[in-house]
Amino acid sequence: MGIVRKPKLTEIADMKALLDEAATARQVLPREMAEMLENARDFFVYVDEEGVGGLAALHIDLVDLAEVRSLVVRDNLRGKGIGSLLVEAAVEEARHLQIARVYAFTRQPEFFKRLGFQVVDRSELPYKALKDCQRCPFFAQCDETALVRPVPPAAMDGVA
Ligand SMILES: CC(C)(COP(=O)(O)OP(=O)(O)OC[C@H]1O[C@@H](n2cnc3c(N)ncnc32)[C@H](O)[C@@H]1OP(=O)(O)O)[C@@H](O)C(=O)NCCC(=O)NCCS
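Here the residue numbering is sequential within each chain, running from 1 through the sequence in written order. Since the coordinates come from a predicted model, pLDDT governs what is reported: local features require at least 70, and pairs of side-chain atoms require 80 or more to be given and counted, while whole-chain, interface and lining totals use all residues. Side-chain calculation: all heavy atoms of the structure are included, whereas hydrogens and water are not.

## Observations regarding helix α3 (residues 82-96)
Here α3 contains 15 residues, and its C-alpha end-to-end distance of 21 Å stays within 8% of the 21 Å for a straight helix at 1.5 Å per residue. Directly after α3, the chain includes Gln98, whose backbone phi takes a positive value near 60°. Strands here mean DSSP runs of E at least two residues long; helices mean DSSP runs of H or I at least four residues long; both are numbered from the N terminus. One fewer than the residue count of a helix, multiplied by 1.5 Å, yields its expected span.

So this is what it looks like as structure tokens:
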């Protein structure tokens, strides 16, 4: 079993390869290398002895809102809880930053519902439309579901 942690920049090519494969299958939006580097600190990776086996990013939109995106687990590692670990790492980072809500746009709503996300109308998340939707080739016939999860602050946050 590997671990979930922040990536090293030497891993970004492998991260992009995983993302590209999922983007080709229309499972995630493609990201250019320049955009991935610029946002490298958004990411978490799952790493085992074979290298990068998964990734996810927490991308901040507003003081109280961030997106969980670019979530991919390598084919042969799926169904082992790694996707859940990656999402929880992103949510914990949001909690640490005291971001009140995280959201996802996805064709895998059932996966996110299991992790406490609830379906909302896409119009509730206009920042996503501004950031990504207008450049998406499937803008006109979007079949993604928007989901939101509240992120209550940790009990001890702000005390230390
Ligand atoms: C979606 C994805 C990240 C899930 O990763 P994973 O490591 O297989 O997920 P987990 O093992 O943590 O699954 C957690 C639970 O969700 C379930 N689950 C996983 N994918 C699911 C799906 N597509 N639909 C419904 N349930 C799903 C699992 O069976 C598991 O259930 P359990 O807790 O009862 O065992 C992975 O399938 C993937 O990389 N898909 C391609 C890229 C993609 O679609 N990304 C999402 C874009 S937002």
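Okay, back to it.
## Describing the site of the ligand
Residues in contact with the ligand amount to 19 residues; listed here are only the nearest, Gly79, Gly81, Ser84, Gln108 and Arg114. The backbone of Gly81 places a nitrogen or oxygen atom 2.7 Å from an oxygen atom of the ligand. Side-chain polar atom of Gln108 to a nitrogen atom of the ligand: 2.4 Å apart, as the coordinates give it. Listed by contribution, the elements that provide at least two residues to the shell around the ligand are β4 (65-73), α3, β5 (101-106) and α4 (109-114). Among the elements that make up the shell around the ligand, the one with the highest residue count is α4 (four residues). Only Asp, Glu, Lys and Arg are considered charged, only Ala, Val, Leu, Ile, Met, Phe, Trp, Tyr, Cys and Pro nonpolar, and every remaining residue, Gly among them, polar. For the shell around the ligand, the residue count by class is eight nonpolar, seven polar and four charged. Only a single heavy atom is needed: when it lies within 4 Å of a molecule or strand, its residue is near that molecule or strand. Think of a polar contact as two N or O atoms within 3.5 Å of one another; within protein, one of them needs to be a possible hydrogen donor and the other a possible acceptor, and neighboring residues in sequence only count if both atoms come from side chains.

## Observations concerning unusual backbone geometry
Phi at Arg26 takes a positive value of approximately 60°, unusual for a residue other than glycine. Position of Arg26 among the secondary structure elements: in the loop between α1 (12-24) and α2 (33-38). Even without being glycine, Gln98 reaches a positive phi, approximately 60°. Locating Gln98 in the fold gives a position in the loop between α3 and β5.

## Structural notes on the pattern of salt bridges
Here, a salt bridge means any side-chain nitrogen of Lys or Arg that lies within 4 Å of a carboxyl oxygen of Asp or Glu. Going through the model one piece at a time under the given rule, you end up with 15 salt bridges. Note that Arg5 and Glu11 form a salt bridge whose closest N and O atoms lie 2.7 Å from each other. Glu92 is paired through a salt bridge with Arg95; the nearest N and O atoms lie 2.8 Å apart. One end of the pair is Glu92 and the other is Arg95, both in helix α3 and three residues apart, which spans about a single turn.

## Observations regarding the nonpolar core
Within the largest apolar cluster, 24 residues are counted, with the highest numbers of intra-cluster contacts made by Leu58, Val68, Leu86, Val87, Val102, Phe112 and Phe117. For this core, the elements supplying multiple residues, two or more each, are β2 (43-48), β3 (51-62), β4, α3 and β5. Looking at this core, the element that brings in the most residues is α3, giving seven residues. Any pair of residues with heavy atoms lying within 4.5 Å of one another is described as a contacting pair. The contact partners of Phe117, leaving out residues within four places of it in the chain, are Val68, Val87, Val102, Tyr103, Ala104, Phe112, Leu147, Val148 and Arg149. The definition of a nonpolar core used throughout is a set of buried Ala, Val, Leu, Ile, Met, Phe, Trp, Tyr and Cys residues joined through side-chain atoms within 4.5 Å. Exposure categories follow from relative accessible area, calculated using a 1.4 Å probe and restricted to protein chains: below 20% of the type maximum is buried, above 50% is exposed, and the middle band is partly exposed.

Function cannot be read off these values alone, since they describe shape.
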